[in-house]
Amino acid sequence: MYREIFVPVDNSQHSDWAVDRAIEMCTKTGGRITGNHVYAARLHDVRFRQLETGLPAQFQTPAEIKKQRKIHDKLIEKGLQLIADSFLDQLGKRCEGAGVPLTRQLLEGINYEEIVNEVNRGAGRLPGLIGFDPNRAAGYDGGDKVRSDVKLGENGRLVAEDEDAAARLVGSSGRQYDLLAIGAHGLGRQPFSQLGGVVARVLREIEKDVLMVRDQQPLAGGRFMVCVDGSSYSYKAMKSALELAQEFGGSLYVCSAFDVEYHHVVFHNIKDVLSYQASKVFKFEEQEELHNNIIDKGLLKLCQANLKRAEVMAQQFPDVPIKTQILIGKPFQVIMQWVEEIKPSLLVIGRHGAHRVENTELGSQADNLLRLAPCSVLLTGVVGVRPEDIPWIEEDGQAGLPWAPEAEVRILRVPPFAQGIARRAVEEYLLEQVGNAGPPPTVTNKWLDEAIQKLLPTHMQLIMGIGSAEEIALAEVKATEQMQATKVQGHDADPVPDVAEVETKCPVTGAISKRPRVATDPIVWTQEGWQRLQLVPLIARPLARNTVERFARNHDIWRVTTHVMDDNKQAMIEADEFDIDTMMVMFTELRAKQIRAEAEGKDALSPEMRAFIEDAKAQGITRCPIRDIEDKMEKCPVDMKTVTPEEAKRAVEKLLQ
C-alpha cells in the first residue's frame, strides 16, 4: 500500500478531492503526504522583459531597467510563495484534523516538468524561501535556507538587491514516492475539457502509480474495477486493486476484453473495394471463417485464462468479493459501457498492456479510459513490474506437442502477438487427425503444411510468412515485376490540363515531344495515390492497381488520385447488388469452361460446370446469367454458344430494365 503520497494543490475542487483521497489512504496505512505547489517565477521574468519597452521614458535607462528587474524578480517570487503557502495552509489544516503527517513543498519552474521530476526521482527544484519565519519554514522541504525578505529603503521604496544565484535554489528533496494523487482538472477547467493541461502531460511521463481523482466518492466500502489483459502490467494493477479493496472493505469487479469486430470490419471494407477476381484470390469468406473459428476462439480462451489468473490472485484475499466478466468489443469502449453499468468508485488500469511498443509513454486503451472514464482512475506504473509476476494457472503446465526443427523455424515467422494462437491451432489440428492415444505426435513439415492448407487461405499463408520461402519469394518477385509498369507522375493538387498529353521519345533521334493522350496510353498515378496503394500487401498490390485502373478507364479518367480511389471504393459498394463488370468476368470464365466441356464431348452443364455455378453462387451473385442459369437456361436471353461478351452485356442490361 501507499505510504509516501505526493499531492499537488491549487485550491481547485478537483485538487481538494485529491487531498481527500490521499488523507483517506494515509489514515489506513500510517503514511505521509507531501503537499506541493509549483510556481513559475521565470515565466513572469520573461514577460516583464517583454513589456519593458512600454515603460515610461524615465525607466528606460539601462541602470534603471536593471534595478527594476531586480526588484520585480524578488517581489513577484515572494508573492507567488505567499500564494502557494496559503494553498498549503488549507491542506495543513485538513491533515492536522485527520492526524496525517504533512511535509510542505514549493517547486520553482514549469509545473508539469517539476511534478514529473519530483515524483520520478525526487529531483524537483526547491527554491529558497523569502522572508519566512524559521519555525514556519521548518515545515518545508529546503526550509533550512531562508532568504532575506524584500527590503525597503529609507524613502519607503523597494531596494534592488544583488542576490547570489545559488541562494534562489536550494537543491532537491531526494524523496521516494509511492503514489501521485492529482485532480483531473485545475482552476482553468473548461466545459469541454476531458483532462486538465497539467495532468494530461504528467500522466504520460510519471513512472510511479498515479491516482487521478474525478469526484468526491470515498474509497471506503466502494466498488473497485480492474482490467486485465494477460500482461504483467495488468496483474500489477490487479494486485493494487485487491489490496485497496481489502483495506477499504470494497468489492472488486474484474474484466478482460477482446475485439472480434475489428477484423470483420476490415474484411468487409476490403471486400467492398476489390473486384470479383481479387475476392477469388483472397478468399474473404475463408478468411472470415478462419477468424471466427480460430482467432476469435483463441482470443476468448486467452481472456478466460486472464480471468482465471486474476481469480488465483484473489485467493490470497478471501475477504474481497470478486466478480469476473469477459467483454467483447473494442476494449476501452466495452470497459466504458461496463463502468456505466457498475458505477465503480475507482477504476484500476495498467499504464501499458500486452501489446506495448518500446519507448511508448502510455497505452492507447489506458489513454482513452483516463480521458473518458467518469470515475477516479488509478493508473499503475512501470516501476517494479516483472514478467515472472504473472500468476501461474493449471493450463500453463500443459505442455504443447513437440515440433520438428524445420516446422519450428516456419512457425516462428508468424507475428509474435498471433504466434501462440497459430501454434495451438496447428497442434489441435494434428490431435484431431491422429487422436490422443499413444505418445504425443510430433508436428512435422508435413502436418504443418496440411494444417496451413486447411486453416489458412493461400494469400494469408504468403502474407504471414508461413508458406515456403520459395513461394513467398516468387510471389513477391512477380508482384514487384508487375508493379514496375505503373506510371507515377504529379500530385493530387496539380491542375488538370484542358488537353491531356503524353511524352513520346523518338527511337532514332531521342527527341522528346508531346501528343494528345489516346485510350491505350497507360493510366497515370499521382504520388498520393501511389503512396496509398503501397498500403496494400505487396502480393495483392498488382490486383488492387488493376481494379482501380479498370474503374478509371471505364469513367474516362486518365489520372488516378486519392479521390478517384475513393470513388472506386464507393462504386464497388454500390455494385454489391448488381455489378455488370463482375458478371462479365464470370461470363467469360463460363464461356471458356463451356468451350472446354464441348470440346471434350461433355454436357453444357456437366458436374464441372455445375461446380463452377455453385462457386458463383457462393460469391453472392444474385442475378442472371450466373445464379439462375440452372433454372432459367431456356429463358435466358444469352445464347451461350454464339453470343459475344458485348452482346451478353447488352442482353443482361435489357433483362434487368
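Residues numbered from 1 in each chain as written. Predicted model: local features only at pLDDT ≥ 70, side-chain atom pairs only at ≥ 80, totals over all residues. Heavy atoms only, no water.

Caption draft 1: Quick peek at the overall build of the protein. When helices and strands are counted, the protein shows 24 helices and 17 strands. Here the protein, with 657 residues, has 46% of them falling under the buried criterion. Long-range contacts, defined here as pairs at least 24 residues apart, represent 73% of the contacts in the protein between residues at least 6 apart. In the structure as shown, the protein presents an accessible area of about 34100 Å², 52% of it carried by carbon and sulfur atoms. (Helix = DSSP H or I, 4+ residues; strand = E, 2+ residues; numbered from the N terminus. Buried < 20%, exposed > 50% of the residue type's maximum accessible area, 1.4 Å probe, protein only. Contact = heavy atoms within 4.5 Å. Areas by Shrake-Rupley, 256 points an atom, 1.4 Å probe, with all protein chains shown as cover.)

Caption draft 2: Geometry of the confidence of the model for the protein. In this model, the protein carries a mean pLDDT of 78, and residues with pLDDT of at least 70 account for 72%. Note that pLDDT drops below 50 for residues 575-595; the model gives that stretch 55 contacts with residues more than four away or on any other chain. Counting contacts from residues 619-634, a segment whose pLDDT is below 50, to residues more than four positions away or on other chains yields 40 contacts. (pLDDT = per-residue confidence, 0-100.)

Caption draft 3: View of the nonpolar core. Ranked by size, the top nonpolar core spans 53 residues in total, and within it Ile-5, Met-25, Met-238 and Leu-252 carry the most contacts. Excluding residues that lie within four positions of it along the chain, Met-25 makes contacts with Tyr-2, Ile-5, Leu-179, Leu-211, Leu-219, Leu-244 and Phe-248. Core analysis: the next-biggest nonpolar cluster, separate from the first, contains 43 residues, Leu-180, Leu-203, Phe-332 and Leu-369 among them. (Core = buried A, V, L, I, M, F, W, Y, C linked by side-chain atoms within 4.5 Å.)

Caption draft 4: Main features of the packing of helix α4 (residues 111-121) against helix α7 (residues 197-205). Running from N to C, α4 and α7 point in directions that differ by 35 degrees, and their axes come no closer than 9 Å. By crossing handedness, the relation of α4 to α7 is classed as right-handed. Contacts from Asn-111, Tyr-112, Ile-115, Val-116 and Asn-120 in α4 reach Val-198, Arg-201, Val-202 and Glu-205 in α7. Grouping the amino acids of the contact of α4 with α7 by side-chain chemistry returns 5 nonpolar, 2 polar and 2 charged. (Axes fitted to C-alpha atoms, helices over the stretch in contact; angles between N-to-C directions. Left-handed = near helix turned anticlockwise from the far one by under 90°. Nonpolar A, V, L, I, M, F, W, Y, C, P; charged D, E, K, R; others polar.)

Caption draft 5: Representation of the pattern of salt bridges within the structure. Within the structure shown, the criterion is met by 18 salt bridges. We note a salt bridge from Glu-361 to Arg-204, for which the minimum N-O separation is 3.3 Å. Linking Glu-361 in the loop between β11 (346-350) and α13 (364-372) with Arg-204 in helix α7, this pair joins segments that are 157 residues apart in sequence. By relative accessible area, which is 40% here, Glu-361 ends up partly exposed. The exposure class assigned to Arg-204 is partly exposed, which follows from its relative accessible area of 28%. A salt bridge links Asp-209 to Lys-236; its shortest N-O distance comes to 3.4 Å. Note that Asp-209 is positioned in strand β7 (residues 209-213) and Lys-236 in helix α8 (residues 232-247), a separation of 27 residues in sequence. Bridged by salt links that share partners, the residues Asp-85, Asp-89, Arg-104 and Arg-136 form one connected network. (Salt bridge = Lys/Arg side-chain N within 4 Å of Asp/Glu carboxyl O.)

Caption draft 6: Looking closely at unusual backbone geometry. Not every positive phi belongs to a glycine, and Lys-343 is a case in point at roughly 55 degrees. Examined against the element boundaries, Lys-343 turns out to sit in the loop between α12 (331-342) and β11. Judged by relative accessible area, which is 58%, Lys-343 ranks as exposed. Even without being glycine, Asp-556 reaches a positive phi, approximately 55 degrees. Along the polypeptide, Asp-556 turns up in the loop between α20 (541-554) and β17 (559-560). Assessed through its relative accessible area of 74%, Asp-556 is described here as exposed.

Caption draft 7: Inspection of α7 at higher detail. Taken together, the buried positions of α7 are occupied by Val-199, Ala-200, Val-202 and Leu-203. In this fold, the buried residues of α7 make contact with α4, β6 (179-183), β7, α13 and β12 (376-380).

Caption draft 8: Fine view of the packing of α12 against α13. Relative to each other, α12 and α13 sit at 35 degrees, their axes nearing to 9 Å. Where α12 crosses over α13, the two elements pack in a sense that is right-handed. Here Pro-331, Phe-332, Ile-335 and Met-336 of α12 come into contact with α13, specifically with Gln-365, Asn-368, Leu-369 and Leu-372. Among the residues making up the contact of α12 with α13, the classes are represented as 6 nonpolar, 2 polar and no charged.

Caption draft 9: Here's a closer look at the side chain of Ser-12. Mapping Ser-12 onto the fold places it in the loop between β1 (4-8) and α1 (13-29). Side-chain polar atoms of Ser-12 contact the side chain of Asp-10, separated by 2.7 Å. Among residues more than four places away in sequence, those in contact with Ser-12 are His-185, Gly-186 and Leu-187. (Polar contact = N/O pair within 3.5 Å; in protein donor to acceptor, adjacent residues only side chain to side chain.)

Caption draft 10: Local environment of the pairing of β6. Of all 5 residues that make up β6, 5 are buried, and the element is covered over most of its length. Along β6, one buried face is formed by Leu-179, Ala-181 and Gly-183 and the opposite face, lined by Leu-180 and Ile-182, is buried too. Pairing analysis gives 2 bridges linking β1 to β6, with the strands arranged parallel. Across the sheet, the residue bridging to Phe-6 is Leu-180, located in β6. The pairing of β6 with β7 spans 5 bridges and is parallel. Within β7, the position partnered with Leu-179 by the bridge is Asp-209. In this view, the connection linking β6 to its parallel neighbour β7 by way of α7 has right-handed handedness. (Pairing = 2+ DSSP bridges. Right-handed = clockwise from strand over helix to strand, strands pointing away.)

Caption draft 11: Seen up close, the layout of surface pockets. Volume-wise, the second largest pocket comes out at about 600 Å³. Lys-236, Lys-239, Ser-240, Glu-243 and Gly-384 are, among the 22 residues lining the second largest pocket, the residues nearest its centre. Secondary-structure elements contributing two or more residues to the lining of the second largest pocket are α8 and α11 (284-314). A total of 6 residues in the lining of the second largest pocket trace back to one element, the largest contributor, which is α8. Among the residues making up the lining of the second largest pocket, the classes are represented as 10 nonpolar, 4 polar and 8 charged. (1 Å grid on protein atoms, 1.4 Å probe; cavity = no way out; pocket = protein on both sides within 12 Å on 5 of 7 lines; lining within 4 Å. Points joined across faces, edges and corners; volume = space filled by probe spheres on them.)

Caption draft 12: Quick look at α13. Those residues of α13 not exposed but buried are Ala-366, Leu-369 and Leu-370. Viewed along the axis of α13, the buried residues span an arc of 100 degrees, placing them on a single side of the element. Of the surrounding elements, those touching the buried residues of α13 are α7, β7, α12, β11 and β12. (Arc of directions from axis to C-beta.)

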